[in-house]
Amino acid sequence: MSRPPSSTKPHRDAVPTRMAGSCTPHGPQMALHEVLDRLGPCIFAGLLDTEGRLHYANEAALHAVGCTPEQVLGERFDTTPWWQACEQSQRQLQLAIASAARGEASRFDVRIATRNGPPLAMDFSLLPLYDLDGRVVWLIPSARDVSERDQAQHQLLLTRHAVEQANDALLQVGPDGAFRDANASACRLLGLERDELLRLRVSDIDTQVDATQWLQRWRDLYDSGSLRFETSVHHHDGHEIPVDVSISLVTSGDTSFAHVCMDDLRERRAAERRIHQLLQFDELTGLPNRQLLLERLDAMLQAGTQSAVLVLALDRFKRINDGLGTAVGDAVLRDVAQRVTSTVRNIDLVARRGDDEFVVVLAAGPDDAPHLAHALLESIARPMHIDGHEIHVTCSIGLAMTPAEGERAETLLRRANAALHHAKRLGRNQINVYAGAPDDYDPERLALENALRQALRDEQLELHYQPQVDLAQGRIVGVEALLRWQHPTLGRIPPARFIPIAEETGLIVPIGDWVLRRAIEQAADWQRAGLPPVRVAVNLSARQLLQPDLARRIEQMLASAGLDPQLLGVEVTESMLIANFDQAVQHLEALRALGVEISLDDFGTGYSSLSYLRRLPVDLIKIDRSLVPDVTAPADDVSITRAIITMAHQLRMRVLAEGVECEGQAALLASHQCDQIQGYWCSAAVPAAALEAMLRDGRDIGDACLRLSACTDAQAQTR
């Protein structure tokens, strides 16, 4: 560094005040200025006297603020444009000038203003320059742009915060299996402090890996770049935690480590167990449900075990629910389940098939079965004392014995069911043993089949429509078309009675076509009447879904009625898709291409496999009523519902909950971002005229839904 003129207190003109080509300096001073002016654009340099006045600034510094030498030289350095961006930086400079005048060097980060861009982060130094007598005569300021460094440090800090605040357990592992870093979630998962965890190796926590196996895992990681597997880890307290592990290889220069992400599977495993329980066992009584009943009965038939099947139905159970409430009704059902279980033997199977129906599979011959059936009649007929009420209940029982080898469980149950209906016709509180002809002649079933054919010809069938309500909007956005049959003499026949007959006889195909056509025509009529647009959903049968021309025929129906395809939806169940999955997907994709909405009905009661769900062209998942939690439901039930909703949303599917019967259920579903609901709380299924009146009057589902909608909006705003 060249020395300034030797004077005790340099005058302002002791060095040239026009720099960077504005004057002609001499000797070493000229060489110094040329060097400083040729520094890169990110390095600023200058010269101050001991009073802090600027005597020189290099080209890079002048260019940054767009000044000429005449505009800044001779001014106090802290008043020049460079220091107008940050008052704190200006104060730091003033202190540094005072310190430098006393011979103390300073270095700190500052923010320097620029002409057209944002302020720059600079690494600033101020050094004193001495004369031959050791007195400070000049101050040398210099600054280097460190904006990129600061940005990198800021980004690194954000990344560290993101890692630390992540819900998943994140760790860094070296090639030797030692932990190098861990976030807070990893420490919580393992019950360890961070310094404790960083003293361990993978083999200390992974239940499936020892020190030698880790070396093989590292080689596998190095070859593939990533690994994914499930294992269990040791908690500090001693218990094991199932985890899903994802490992990625990170390489930088000569350094390599494994980035490990561990997802706690305990809640998911509990939900899976709960779903499995719901799929095979009745929630109210804890007895096996219809699915598990069929599996076990089929196994007994294949083993050739002589058995009897009893179908037991409570007589006039509806009057208990209507007169004393569903809570008392549920208590009666639990009592009945206990009485049936305690009456039969441990080797016998007891299942609940429906609302008030139980099935007993007895490992007994034709002589023993009637005695057990009579014991059941007597046990159930004993008075029940529930909530201060003395309740008397009787039952009717249909009994069928195992036939020759090769029969199926469904056939045996159907025969026991036919015997049950005959017992009811005989006056109830009866036992009837199935005694059909070899061809399984069932007069009642045959009569219903003939009546159903006539009903289709004589237009005895009609559609009712149950509203589907959007929770965010609080209004009806769709309806489900439900088939009803009002027989002129037999009265209303429930779908559960005639739909199986229609499916078995093939009548389901013409009936299904009639339902599709009528629903489409009704939706078109509503639109022509100027009503708000609502999507009409129609249930498809398995036979319909597999018809090769299904999409073409629906397209023709839509064109004939003049209905926008987006106002039609079709609903299918999981069980319909499994047998001919690829063909079913092809037909659903063709319907979706038309604009028709695809819904997966009764989700949670069948296979519920994520692997096939991702392949399905589904827009809407309908959670089965058995999985819709009540306000008093245990946390596990709510977790299952929340997990289904979250999974569907991640797959870009909307969710509709069926069987919503109270405002509490609706509010609970809304709090977990369920999209739509359907059930008696909104409305029962009603004829077309009644639904039209609801839409025309704007009375979607009443004030309660409007309150719920407002609450949901408020929650959305706070999120």
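So, here is what we can say about the structure in this document. (Residues numbered from 1 in each chain as written. Predicted model: local features only at pLDDT ≥ 70, side-chain atom pairs only at ≥ 80, totals over all residues. Heavy atoms only, no water.)

**Brief notes about the overall build of the protein chain**
Formally: In this description a helix means any DSSP run of H or I spanning at least four residues, a strand means any run of E spanning at least two, and both kinds are numbered starting from the N terminus. For the exposure calls, accessible area comes from a 1.4 Å probe over protein chains only, and a residue counts as buried if that area is under 20% of its type's maximum, exposed if over 50%, partly exposed in between. Should any heavy atoms of two residues lie within 4.5 Å, those residues are counted as being in contact.
Of the regular secondary structure elements, the protein chain holds 27 helices and 27 strands. With 719 residues in all, the protein chain has 48% of them scored as buried. In the protein chain, the proportion of contacts linking residues at least 24 apart, taken out of those at least 6 apart, comes to 60%.

**Examining the environment of Q172**
Within the fold, Q172 resides in strand β6 (residues 169–173). Separated by 89 residues in the primary sequence, Q172 and C261 have C-alpha atoms spaced 9.1 Å apart. Beyond its immediate chain neighbours, meaning those up to four positions away, Q172 contacts A178, F179, R180, D181, F257 and A258.

**Some points on the sheet that holds strand β16 (residues 395–401)**
Rules: Pairs of strands are assigned from DSSP output, requiring at least two bridges between the strands. To get an axis, fit a line to the C-alpha atoms, keeping to the stretch in contact for a helix; angles then go from 0 to 180 degrees between the N-to-C directions.
With mixed pairing, the 5 strands of this open sheet are ordered in space as β12-β13-β11-β16-β17. On the outer flanks of this sheet lie β12 (349–352) and β17 (431–433), each paired with one strand and no other. Pairwise comparison of adjacent strand axes, ignoring direction, gives a mean angle of 20° for this sheet. Pairing of strand β11 (residues 308–314) with β16, which is carried by 7 bridges, proceeds in the antiparallel orientation. Opposite V309, over in β16, you have A400 as the bridge partner.

**Points about the packing of helix α18 (residues 508–528) against helix α20 (residues 550–561)**
Quick reminder of the rule: For classification purposes, an angle smaller than 35 degrees is called roughly parallel, one larger than 145 roughly antiparallel, one from 65 to 115 roughly perpendicular, and anything else oblique. In this scheme the crossing of two helices becomes right-handed for a clockwise turn of the near helix relative to the far one and left-handed for an anticlockwise turn of less than a right angle. Charged residues are taken to be Asp, Glu, Lys and Arg, nonpolar residues to be Ala, Val, Leu, Ile, Met, Phe, Trp, Tyr, Cys and Pro, and polar residues to be all remaining types, Gly included.
Interhelical geometry of α18 versus α20 gives an angle of 30° and a closest axis separation of 9 Å. When the axis of α18 is compared with that of α20, the two are roughly parallel. Here α18 and α20 pass one another in a crossing that is right-handed. Where α18 approaches α20, its residues D513, L516, R517, I520, E521, A524 and R528 are matched on the opposing element by R553, I554, M557, L558 and A561. Residues belonging to the contact of α18 with α20 are distributed by class as follows: 7 nonpolar, no polar and 5 charged.

**Examining the pairing of strand β13 (residues 357–362)**
In terms of burial, β13 is largely enclosed, as 6 of its 6 residues are buried. Covered by surrounding structure in β13 are E357, V359 and V361 together with F358, V360 and L362, the residues of both alternating faces. Relative to β13, β11 runs antiparallel, the two sharing 6 bridges. If you follow V309 over to β13, its bridge partner there is V361. Summarising the sheet, β12 and β13 pair through 4 bridges and their orientation is antiparallel. Counterpart to A351 in the pairing with β13 is V359.

**Quick notes on unusual backbone geometry**
The phi torsion at E459 lies on the positive side, around 55°, for a residue other than glycine. Structurally, E459 is set in the loop between α16 (443–457) and β18 (461–470). On the basis of relative accessible area, E459 is assigned to the exposed category, the value being 64%. For Q673, which is not glycine, the phi torsion reads 65° and is therefore positive. Mapped onto the elements, Q673 comes out in the loop between α25 (663–671) and β26 (676–677).

**Here we look at the sheet that holds strand β3 (residues 106–112)**
Strand order in this open sheet of 5 strands is β2-β1-β5-β4-β3, and the pairing throughout is antiparallel. Pairing within the sheet leaves two strands with one partner each, and these edge strands are β2 (54–57) and β3. In this sheet, adjacent strand axes meet at a mean angle of 25° when their direction is disregarded. Bridge analysis of strand β1 (residues 43–49) against strand β5 (residues 136–145) gives 5 bridges, and the strand direction is antiparallel. When the bridges of β5 are listed, I43 appears paired with R144. Sitting on the sheet, helix α4 (residues 87–101) is in contact with β1, β3, β4 (120–130) and β5, with an inclination near 150° to β3.

**Quick look at the packing of helix α11 (residues 290–303) against helix α15 (residues 409–425)**
Running from N to C, α11 and α15 point in directions that differ by 110°, and their axes come no closer than 9 Å. The angle between α11 and α15 falls in the class roughly perpendicular. For the pair formed by α11 and α15, the contact residues are R290, L293, L294, L297, D298 and L301 on the first element and A409, E410, L412 and L413 on the second.

**Considering the nonpolar core**
Convention followed: Nonpolar cores were defined as sets of buried Ala, Val, Leu, Ile, Met, Phe, Trp, Tyr and Cys residues, with membership established by side-chain atoms within 4.5 Å.
In this structure, L591 and I677 are the most contacted members of the largest nonpolar core, which totals 86 residues. It is α18 that provides the largest number of residues to this core, a total of 10 residues.

**Here's the deal with the pairing of strand β19 (residues 475–487)**
Counting buried positions along β19 yields 10 of 13 residues, so the element is predominantly enclosed. Of the strand pairs in this sheet, β18 and β19 are connected by 10 bridges, and their pairing is antiparallel. Paired with L461 across the two strands is W485, which belongs to β19. Where β18 folds back on β19, the antiparallel hairpin that results is connected by 4 residues, among which G474 adopts a positive phi of roughly 70°. Relative to strand β21 (residues 535–539), β19 runs parallel, the two sharing 4 bridges. Within β21, the position partnered with A481 by the bridge is V538. One ladder, built from 3 bridges, connects β19 with strand β20 (residues 491–493); its direction is antiparallel. Within the sheet, the bridge partner assigned to Q486 lies in β20 and is R492. Linking two consecutive strands that pair antiparallel, namely β19 and β20, is a turn of 3 residues.

**Topic: the packing of aromatic side chains**
For clarity, the threshold we go by: When two rings of Phe, Tyr or Trp (its six-membered ring) have centres within 6.5 Å they constitute a pair, described as stacked for plane angles under 30 degrees, edge-to-face for angles over 60, and tilted for the intermediate range.
Under the definition given, this model contains 7 aromatic pairs. Here the aromatic cluster, defined as three or more aromatic residues joined through ring pairs, consists of F77, W82, W83, F108 and F124.

**Focus: the environment of Y680**
Counting through the fold element by element, Y680 comes out in the loop between β26 and β27 (686–687). Residues Y680 and Q466 lie 214 residues apart in sequence; the distance between their C-alpha atoms is 8.8 Å. Once residues within four sequence positions are removed from consideration, Y680 is found in contact with Q466, V660 and E661.

**Description of helix α14 (residues 368–381)**
Note the following rule: Multiplying one less than the number of residues by 1.5 Å gives the expected span of a helix.
Between its first and last C-alpha atoms α14 spans 21 Å; for 14 residues at 1.5 Å apiece the expected length is 20 Å, and the two agree. Here the buried face of α14 lies against β11, α13 (326–343), β13, β14 (384–386), β16 and β17.

**Overview of the pattern of salt bridges**
Working definition: two side chains of opposite charge can pair if their charged atoms are close together. To be explicit about the condition: Put simply, a salt bridge is a Lys or Arg side-chain nitrogen that is within 4 Å of an Asp or Glu carboxyl oxygen.
Overall, the coordinates contain 35 salt bridges when judged by the stated rule. Between R53 and D49 there is a salt bridge, with its nearest N and O atoms 3.1 Å apart. Judged by its relative accessible area of 22%, R53 falls in the partly exposed class. Between R269 and E230 there is a salt bridge, with the nearest N and O atoms lying 2.6 Å from each other. Placement of R269 in helix α10 (residues 266–280) and of E230 in strand β8 (residues 226–234) is noted, with a sequence separation of 39 residues between them. Overall, R269 belongs to the partly exposed group, its relative accessible area being 27%. Each member of the salt-bridge network shares a partner with another, and the members are E480, E571, K622 and E658.

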